[in-house]
Amino acid sequence: MKDGEPASDDLRFRPDEPRIHPSAELKQTRLGRHCDIGPRVVLRDVVVGDYTYFERGGEATHATLGKFCSVAAHVRVNALEHPVERVTTHKISYRPNEYFRWQGVDEAFRERRLARRVEIGHDVWIGHGAVILPGVSIGTGAVIGASAVVSRDVAPYTIVAGVPARVLRPRFAPAIAAGFLALAWWDWPKEKLFEAVADMQALSPEAFLERWNSTQS
């Protein structure tokens, strides 16, 4: 190897920088390594973990997503509430500044929305057109069915679907789910992830846990 040339193993890895489609709109948003933000995605006050991607037309507000999440097209993460207890649900009551001078934003209502942040763990798959309502927490490894409306917290490694979303079944047996939460493969360095890909493709969850737990002992 000549001076200045990269080490041969560096060629295994693509650049860490996130990919953002030109039509996407991001405001007060922090992206991790290898994030992929698709066409017409709108993110406002969102933290996106490493390797997580949004397909076209997705939207998220006041939310945190972990690593390796798969967000399908037209998903809405934190569909902001409106003040149904007021005279009107229209934003004239909480953002009158858009229509009148000397009328400011209703800061109390803004803080109410901010307090109901959506928290999503690692390795979560959110299906096409799903809606996640304010304040919901979705555990690591969960699966959200297409067009589901999620109004309650979802436990780790649980599959939910429907309107409102209901539990269909666990993704794995409890011992396997606990094993993955302990293994926390999503936190591995890229060198270890590179080596694990073949086993992710070929091994059962049980065999994967057995093999990779042994490498850490």
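Residues numbered from 1 in each chain as written. Predicted model: local features only at pLDDT ≥ 70, side-chain atom pairs only at ≥ 80, totals over all residues. Heavy atoms only, no water.

The eight strands lie next to each other as β1-β4-β6-β8-β11-β14-β16-β17, forming an open sheet whose pairing is mixed. The open sheet terminates on both sides in strands that have one partner only, identified here as β1 (19-20) and β17 (166-170). Two elements, strand β4 (residues 36-37) and strand β6 (residues 53-54), share two bridges in a ladder whose sense is parallel. Along β6, the bridge assignment pairs Ile37 with Phe54. (Pairing = 2+ DSSP bridges. Helix = DSSP H or I, 4+ residues; strand = E, 2+ residues; numbered from the N terminus.)

Here helix α2 (residues 174-183) crosses helix α4 (residues 205-216) at 35 degrees, and the two axes come no closer than 10 Å. In this structure, α2 meets α4 at a crossing whose hand is left-handed. Mapping the contact onto sequence places Ile176, Gly179, Phe180 and Leu183 in α2 and Pro205, Glu206, Phe208, Leu209, Trp212, Asn213 and Gln216 in α4. When its residues are assigned to classes, the contact of α2 with α4 shows seven nonpolar, three polar and one charged. (Axes fitted to C-alpha atoms, helices over the stretch in contact; angles between N-to-C directions. Left-handed = near helix turned anticlockwise from the far one by under 90°. Contact = heavy atoms within 4.5 Å. Nonpolar A, V, L, I, M, F, W, Y, C, P; charged D, E, K, R; others polar.)

Okay, the packing of helix α3 (residues 190-202) against α4 next. Think of two packed helices as two axes; the pair is described by the angle between the axes and how far apart they sit. Contact geometry for α3 and α4: axes closest at 11 Å, N-to-C directions at 155 degrees. Overall, the two elements α3 and α4 adopt an arrangement that is roughly antiparallel. Handedness of the α3/α4 crossing: right-handed. From α3, Lys192, Glu195, Ala196, Asp199 and Met200 reach across to α4, where they touch Phe208, Arg211, Trp212, Thr215 and Gln216. Grouping the amino acids of the contact of α3 with α4 by side-chain chemistry returns four nonpolar, two polar and four charged. (Parallel < 35°, antiparallel > 145°, perpendicular 65-115°, else oblique.)

Enumeration over the complete set of coordinates arrives at 18 salt bridges. With a closest N to O distance of 3.8 Å, Asp16 and Lys190 form a salt bridge. Within this pair, whereas Asp16 is found in the segment before β1, its partner Lys190 is found in helix α3, the two being separated by 174 residues in sequence. Exposure remark for Asp16: the relative accessible area of 24% places this residue in the partly exposed category. (Salt bridge = Lys/Arg side-chain N within 4 Å of Asp/Glu carboxyl O. Buried < 20%, exposed > 50% of the residue type's maximum accessible area, 1.4 Å probe, protein only.)

In this section: the state of the cysteines. Taken as a whole and assessed by the stated rule, the structure comprises zero disulfides. Looking at the unpaired Cys35, the closest cysteine sulfur is the one in Cys69, lying at 9.6 Å. On the basis of relative accessible area, Cys35 is assigned to the buried category, the value being 0%. (Disulfide = S-S within 2.5 Å.)

Further remarks concern the nonpolar core. Of all hydrophobic cores here, the largest spans 30 residues; its most connected members are Phe54, Ile120, Ile126, Ile132, Ile138 and Ile144. Every element with two or more residues in this core is listed here: β5 (42-48), β7 (59-65) and β10 (118-120). For Ile144, the contacting residues outside a window of four places in its chain are Trp125, Ile126, Gly127, Ala130, Ile132, Ile138, Val150, Val154 and Val160. In terms of nonpolar packing, the next biggest core, distinct from the first, is built from 15 residues, Phe180, Trp188, Leu193 and Ala196 among them. (Core = buried A, V, L, I, M, F, W, Y, C linked by side-chain atoms within 4.5 Å.)

This part covers unusual backbone geometry. Following Val163, the chain continues to Pro164 via a peptide bond in cis, the omega torsion being -10 degrees. Even without being a glycine, Phe68 presents a positive backbone phi close to 60 degrees. By the element assignment, Phe68 lies in the loop between β7 and β8 (70-71). Take Phe68: its relative accessible area is 17%, and that puts it in the buried class. The phi torsion at His74 lies on the positive side, around 60 degrees, for a residue other than glycine. In this fold, His74 is placed in the loop between β8 and β9 (76-77). The class of His74 is partly exposed, set by a relative accessible area of 41%.

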